[in-house]
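As a plain string of letters, each chain reads:
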Amino acid sequence: MTLSFDGPILVPVATPEDGERTAAALAPYLADSSRAIVVNVIEKAGGAPDKAGMEQREEYAEEIFGRARGPLEATDATVETAVLYGTDVVERIFAEAEDREVDAVVFAARKGNRLAELLTGDVARRLVKEASVPVVALPLESSSEKS
């Protein structure tokens, strides 16, 4: 079975490396009619002081998008980027997916040890378990990829 995305998809990315790796894994599956919306969620503390200044976090998001654009620019797909804000990353991703009426949320799972997954809430696992739209986990090009 050949997988391709011929409509809008939401592509959440968390770091520059994640953005580049996800974009590289996604590019072969894009068609000229694809619309990839690459998003980074800035997690707000919900009343508590934020971990970093907003301007610093928005600059980091632009760095992420810059790295993701490279592999995607080699395709004929339309590529958009958006910074999202929310107190729960997974809830914010699905809210945006529903608002934009995307066909799927598409991501490449990052490798991490079990302790890191427990401490971060394992966003990838929650994306699959709490899905309100189809979710696609892309295969990584190499099993030796590191996060």
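The preceding data block contains the structure.
Residues numbered from 1 in each chain as written. Predicted model: local features only at pLDDT ≥ 70, side-chain atom pairs only at ≥ 80, totals over all residues. Heavy atoms only, no water.

Asks: Please explain helix 2 (residues 54–73) as it appears in this structure.
Replies: Side chains three or four residues apart in an α-helix point the same way, a direct result of the helix having 3.6 residues per turn. Given a rise of 1.5 Å per residue, 20 residues ought to cover 28 Å, and the 28 Å separating the end C-alpha atoms of helix 2 matches this to within 8%. For helix 2, the complete set of buried residues consists of Arg-57, Ala-61, Ile-64, Phe-65, Ala-68, Pro-71 and Leu-72. Axial view of helix 2: buried residues confined to an arc of 115°, hence all on one face. Counted as exposed and oriented over 90 degrees from the buried face of helix 2: Glu-55, Gln-56 and Glu-73. Considering only its buried residues, helix 2 is in contact with helix 1 (16–26), strand 2 (35–43) and strand 3 (78–86). (Helix = DSSP H or I, 4+ residues; strand = E, 2+ residues; numbered from the N terminus. Expected span 1.5 Å × (residues − 1). Buried < 20%, exposed > 50% of the residue type's maximum accessible area, 1.4 Å probe, protein only. Arc of directions from axis to C-beta. Contact = heavy atoms within 4.5 Å.)

Asks: Sorry if this is basic, but what is going on with helix 1 here?
Replies: Judged by how many residues are buried, helix 1 sits mostly within the fold: eight of eleven residues are covered. Where helix 1 is concerned, the buried positions are Pro-16, Asp-18, Gly-19, Arg-21, Thr-22, Ala-23, Ala-25 and Leu-26. Those residues of helix 1 that are buried lie in contact with strand 1 (8–12), strand 2, helix 2 and strand 4 (104–107).

Asks: Would you mind going over the sheet that holds strand 5 (residues 135–137) with me for this structure?
Replies: The strands that make up a sheet are held in pairs by hydrogen bonds between backbone atoms, and each pair lies either parallel or antiparallel. Overall, parallel pairing links the five strands, which are arranged 3-2-1-4-5 in an open sheet. Looking at which strands have only one partner, the edges of the open sheet turn out to be strand 3 and strand 5. Here the average twist between neighbouring strands, direction ignored, is 30°. Across the sheet, helix 1 is in contact with strand 1, strand 2 and strand 4; its angle to strand 1 comes to roughly 145°. Along the sheet, helix 2 contacts strand 2 and strand 3; its crossing angle with strand 2, the most-contacted strand, is approximately 155°. (Pairing = 2+ DSSP bridges. Axes fitted to C-alpha atoms, helices over the stretch in contact; angles between N-to-C directions.)

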